[in-house]
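Single-letter residue listing:
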Protein chains: 2
Amino acid sequence: MATAVHLPATLSREAALALDAADPLADFVGAFALPEGVIYLNGNSLGPSPQAALDRLEQSAREEWSRGLVTSWNKAGWFQLPYQIGDRIAGLIGAAPGEVVMTDGVSLNLYRMVAAALALRPDRRVIVMEGSNFPTDNYVVQGLIGTLGRGHEIRFAEKDEIAGAIDADVAAVVLTQVHYKSSHILDMAGITAQAQAAGALAVWDLCHSAGAIPIDLNGCNVDFAVGCTYKYLNGGPGSPGFQFAATRHQATMAQPLTGWWGHAAPFAFDRDYAAAPGIGRMLTGTQPILSMVAAEAGIDLAASAGIARARAKSLALGSLFQDLVQARLGDAGFALASPADADARGGHIAFDHPQGYPIMKALISRGVIGDFRAPTTMRFGFSPLYLRFADIWDAVDVLADVIETGLWRDPQFAAVDAVT
Amino acid sequence: MATAVHLPATLSREAALALDAADPLADFVGAFALPEGVIYLNGNSLGPSPQAALDRLEQSAREEWSRGLVTSWNKAGWFQLPYQIGDRIAGLIGAAPGEVVMTDGVSLNLYRMVAAALALRPDRRVIVMEGSNFPTDNYVVQGLIGTLGRGHEIRFAEKDEIAGAIDADVAAVVLTQVHYKSSHILDMAGITAQAQAAGALAVWDLCHSAGAIPIDLNGCNVDFAVGCTYKYLNGGPGSPGFQFAATRHQATMAQPLTGWWGHAAPFAFDRDYAAAPGIGRMLTGTQPILSMVAAEAGIDLAASAGIARARAKSLALGSLFQDLVQARLGDAGFALASPADADARGGHIAFDHPQGYPIMKALISRGVIGDFRAPTTMRFGFSPLYLRFADIWDAVDVLADVIETGLWRDPQFAAVDAVT
């Protein structure tokens, strides 16, 4: 670490340690199995492993699967996991019990939710989406409308264009609450209200917001939503996603991906499909149980911490990072690529830098893990449950060292392969 | 165990032990972590855990996730798993490398494959299916054709009616090779040839055949196929399924469930979808890695054993069971509900018995695990890698005891809940 740093006292390492000492979430750090020597600023991509997730996974594999065998579908409650974990997620996103199931992945879940929304607006053909956001949502809707073959079209609109894009032709707005790159937050309440006033439905993707910021789906009167659990909910690599359908739609909503887990009587093995009541009809087939059980612990930790406290700490971590970068690297070419107003961004902060790629590679080689999105964007995630304020101070100290020593110029960091 | 059993010498327990002593697959038994005191005849539903699967899962969770964190997507090869494991499965089902990917679940995979088939026959509207088979396939196709809204219909045909159901209106036959209940095998080569002669495509579901019987997809000129890995491939509860598309279709096949994992350049984050070349386009989103890595070991074991040897042993196990039931319980009301010709059935054998439900419950209470399908069918699976001939002898011995002592009449076994 750099030995002599002249900073205001509020930006000293001692000040960071004092923040840690006063942190009401400090004890959560010990709940995660992070390796020594790593400062993990990429929980916006893949969260680290809760110790309880590792233990639960091992118990599920070595007891439920190995000893319980097929009887565990009932005795270990595997069949109920989509509902059971769904209800826990509901508590984190402002949904009611019975409005959320955990299942499959976000892309598949979005296919269902958008199909359900379009079926509720059969006379409308336009879907409003933010084209610059994480594009799998675009791909899903493009595939869906191609499959439908009824002349639907996507009206792409960037953040400030969305309001102007909503008119009487719009069947649904399909938007990601927190932008995967810039981290800007869209106005869920306002856009949902505007969409509904125009007769459209609102479908929200919570991938970068669940576990990161307060979400109030029912308070915003959202129609449908999806999200993932492997980012801020620390559910494990590719852990199943979730889907939300407001209670008011559940009796009539269409489901394109019908399968036996969504049947009204799955063990009757009836020849023909009959939809289960409620959110259950939005299930399709057998779920990946081991990935699912591993995801429970992270969701429980998020619930236990409380989203208000988590958000407050995430904002404080991000602001400290931003202030330290400004103070120590203000002339090093880092340009904020996220909203300057901390309240207007999610759990990560993006900076553009012309040498963002080799700088990030060099940072990672020193144990500070963020990520990079072409052409020039470095992303740093401020997940609140396992990061200490001192970690933030140390991360910027390493970043300063990488810049000041010119480590990033080392040829090993120039090769353009995937950063993480 | 019953102490005095008068049987032909060929049906003695000593004869069973002699078969075990001569079994070329005997060493595979030790590769599975089965509990003491259990004879597991339900691998046709959920296979038991290979010891290597448990170890690999733990290594993936505690090393790749916990220590490698987000870098494991590349460094641990997570992104490549659908292709890597797909190629291993290809070797078990008569497919070529690059024709199979492991992903999602069977129902979702079938949606893709049937959608692709229907898109290749845009002027035809009929899908032939065996209505009595495991009905999630019906549900998937019903959901798909409802979503398409173009007047497709399913023509349900039972085994002996299929040939007569294929005509010039048929876009695709969508059939399960081994029947989930009766275990009868459909004639993949003959039906595929007939379908193609009529201008239709053949889509096969291999859920009850992969790992159980020899399959030669390319030898049969199959167009598309799906299957699961948690039955005879012992991949773990809800382990991801697989999908096969013949090379000749890959350049033009449609994919309804487009997502970023099937994009030609997933890390370009382009706004619009562009299909990946080859089977890769049939992927959608991020996969449940922990469930996926756990499934590798079972697939490797199946490949290592060789399907010919596995099938031969499975047939021998099943025949021994059948002979013992006949010899010891010939007048106890068990009626074979599978083809009498062993070559005409898959890896399990079904028996109907008016008291099948309480008998199966009593059997399970004694450590012999099969399952039950209403109204009267008991299923016994003869997975070859972890069952010994002596296990089969002991299982029938317990069954005989359950019948002879009237244990099944105990009120604890009468309650009609799920058997397993």
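Chain A appears in an unreviewed UniProt entry as Kynureninase from Edaphosphingomonas laterariae. Per its UniProt entry, chain A bears the Function (unreviewed entry) comment "Catalyzes the cleavage of L-kynurenine (L-Kyn) and L-3-hydroxykynurenine (L-3OHKyn) into anthranilic acid (AA) and 3-hydroxyanthranilic acid (3-OHAA), respectively."

Draft legend 1. Highlighting the UniProt feature "binding site: pyridoxal 5'-phosphate" (unreviewed entry) in chain A. Within this structure's numbering, the places UniProt gives as "binding site: pyridoxal 5'-phosphate" (unreviewed entry) are S107, F134, P135, T136, D137, T176, D205, H208, Y230, W260 and T286 of chain A. For the annotated residues, spread through 180 residues, the largest C-alpha to C-alpha distance comes to 30.8 Å, inconsistent with a single compact locus. Within the secondary structure, S107 of chain A is located in helix 5 (residues 106-120). Apart from the residues within four sequence positions on either side, S107 of chain A is in contact with T136 and V140 of chain A together with W260, T284 and G285 of chain B. With relative accessibility at 5%, the residue D137 of chain A sits in the buried group. For D137 of chain A, the residues in contact, after removing those within four places along its chain, are L110, M129, T176 and D205 of chain A.

Draft legend 2. Here's a closer look at helix 5 (residues 106-120) of chain B. When the terminal C-alpha atoms of helix 5 of chain B are compared, their 21 Å separation across 15 residues agrees well with the 21 Å that a helix rising 1.5 Å per residue should span. Across the 15 residues that make up helix 5 of chain B, a large majority, 13, are buried.

Draft legend 3. Expanded view of the side chain of S183 of chain B. Here S183 of chain B is to be found in the loop between strand 5 (170-176) and helix 8 (188-197). Excluding residues within four positions of it along the chain, S183 of chain B makes contact with V178, S338, P339, A344, R345, G346, G347 and H348 of chain B.

Draft legend 4. A look at the sheet that holds strand 5 of chain B. All names here are of chain B. Strand order in the open sheet formed by seven strands is 2-8-7-6-5-3-4, and the pairing between neighbours is mixed. The open sheet has two edge strands, strand 2 (100-103) and strand 4 (153-156), and neither has a second partner. The average undirected angle you get between the axes of adjacent strands in this sheet is 20 degrees. The pairing of strand 5 with strand 6 (residues 201-205) spans five bridges and is classified as parallel.

Draft legend 5. Looking closely at the pairing of strand 4 of chain B. In the sheet, strand 3 (residues 126-129) of chain B pairs with strand 4 of chain B via four bridges, with the strands oriented parallel. Bridge pairing links M129 of chain B to F156 of chain B in strand 4 of chain B.

Draft legend 6. Broad picture of the interface of chain A and chain B. Listed as interface residues are 81 residues of chain A and, on the opposing side, 81 residues of chain B. Looking only at chain A, the three residues that lose the most surface to chain B are W65, Y139 and F269 of chain A, adding up to 12% of its buried area. Linking chain A with chain B are four salt bridges, by the criterion used here. Note that E58 of chain B and R62 of chain A form a salt bridge whose closest N and O atoms lie 2.9 Å from each other. The interface formed by chain A and chain B contains 38 residue pairs in polar contact (both at pLDDT 80 or more). Taken together, the elements giving at least two residues each to the side of chain A that touches chain B come down to helix 2 (51-68), helix 3 (72-75), helix 5, helix 6 (136-148) and helix 9 (289-305) of chain A. Here the residues of the side of chain A that touches chain B sort into 40 nonpolar, 30 polar and 11 charged.

Draft legend 7. Structural context of the domain arrangement of chain A. Residues and elements named next belong to chain A. As far as domains go, chain A holds domain 1 (9-31 + 306-413) and domain 2 (53-305). The distance between the C-alpha centroids of domain 1 and domain 2 comes to 30 Å. Domain 1 puts 25 residues into the contact, and the matching count from domain 2 is 20 residues. Roughly 1800 Å² of surface becomes buried between domain 1 and domain 2 when both sides are summed, with 57% attributable to carbon and sulfur atoms. Here domain 1 and domain 2 share zero salt bridges between them. In this structure, the connection of domain 1 to domain 2 is made through 13 residue pairs in polar contact (both at pLDDT 80 or more).

Draft legend 8. Focus on the nonpolar core. Formed by 298 residues in total, the largest nonpolar core has its most connected members in I93 of chain A together with I93 of chain B. Not counting the four nearest positions on each side in its chain, I93 of chain B is found in contact with V100, L206, A210, I215, D216, L217 and F242 of chain B.

Draft legend 9. Structural detail: the packing of aromatic side chains. Evaluated as defined, the whole model comprises 45 aromatic pairs over all chains. Relative to W260 of chain B, the ring of F79 of chain B has its centre 6.5 Å away and its plane inclined at 90 degrees; by these criteria the two rings are edge-to-face. Separated by 181 residues along the polypeptide, F79 of chain B in the loop between helix 3 (72-75) and helix 4 (81-90) and W260 of chain B in the loop between strand 8 (241-245) and helix 9 (289-305) bring together distant segments of the chain. Residues F79 of chain B and W261 of chain B carry aromatic rings whose centres are separated by 5.4 Å and whose planes lie at 55 degrees to one another, so their mutual orientation is tilted. On the criterion of sequence distance, the pair formed by F79 of chain B in the loop between helix 3 and helix 4 and W261 of chain B in the loop between strand 8 and helix 9 is long-range, its members being 182 residues apart. Taking the ring centre of W393 of chain A as reference, the NZ or CZ of R328 of chain A above it sits at 5.4 Å.

Draft legend 10. Local environment of the sheet that holds strand 12 (residues 371-373) of chain B. All names here are of chain B. Taken together, the four strands give an open sheet; going across it, the order is 9-10-13-12, and neighbouring strands pair in antiparallel fashion. A single partner strand is all that each edge strand has here, and the edge strands are strand 9 (335-336) and strand 12. Bridge analysis of strand 9 against strand 10 (residues 348-352) gives two bridges, and the strand direction is antiparallel. Pairing of L336 across the sheet is with F351, part of strand 10. The sheet contacts of helix 10 (residues 307-329) involve strand 9, strand 10 and strand 13 (377-381), and relative to strand 10 the element is tilted by about 20 degrees.

Draft legend 11. Representation of helix 12 (residues 389-404) of chain A within the structure. Residue and element names in this part refer to chain A. Over its 16 residues, helix 12 extends 23 Å from the first C-alpha to the last, a length consistent with the 22 Å expected when each residue adds 1.5 Å. Counting buried positions over the 16 residues of helix 12 gives 14, a clear majority of the element. G406, located one to two residues past helix 12, shows a positive phi value of around 70 degrees.

Draft legend 12. Expanded view of unusual backbone geometry. A cis amide bond links A374 of chain A with the next residue in sequence, P375 of chain A, at an omega value of 5 degrees. You will see that L69 of chain A, though not glycine, has its phi angle at about 50 degrees, which is positive. Within the fold, L69 of chain A resides in the loop between helix 2 and helix 3. Look at L69 of chain A and you get buried, because its relative accessible area is 0%. The residue N221 of chain B is not glycine, and still its phi comes out positive at about 60 degrees. Residue position: N221 of chain B is located in the loop between strand 6 and strand 7 (224-227).

Conventions adopted
- Residues numbered from 1 in each chain as written.
- Chains lettered and ligands numbered in written order.
- Predicted model: local features only at pLDDT ≥ 70, side-chain atom pairs only at ≥ 80, totals over all residues.
- Heavy atoms only, no water.
- UniProt positions renumbered as here; feature names shortened; annotations may be inferred.
- Helix = DSSP H or I, 4+ residues; strand = E, 2+ residues; numbered from the N terminus.
- Contact = heavy atoms within 4.5 Å.
- Buried < 20%, exposed > 50% of the residue type's maximum accessible area, 1.4 Å probe, protein only.
- Expected span 1.5 Å × (residues − 1).
- Pairing = 2+ DSSP bridges.
- Axes fitted to C-alpha atoms, helices over the stretch in contact; angles between N-to-C directions.
- Buried area = accessible area lost by both parts, 1.4 Å probe.
- Salt bridge = Lys/Arg side-chain N within 4 Å of Asp/Glu carboxyl O.
- Polar contact = N/O pair within 3.5 Å; in protein donor to acceptor, adjacent residues only side chain to side chain.
- Nonpolar A, V, L, I, M, F, W, Y, C, P; charged D, E, K, R; others polar.
- Domains from an automatic or database assignment.
- Core = buried A, V, L, I, M, F, W, Y, C linked by side-chain atoms within 4.5 Å.
- Phe/Tyr/Trp six-rings, centres within 6.5 Å; stacked < 30°, edge-to-face > 60°.
- Lys NZ or Arg CZ within 6 Å of the ring centre and 35° of its normal.

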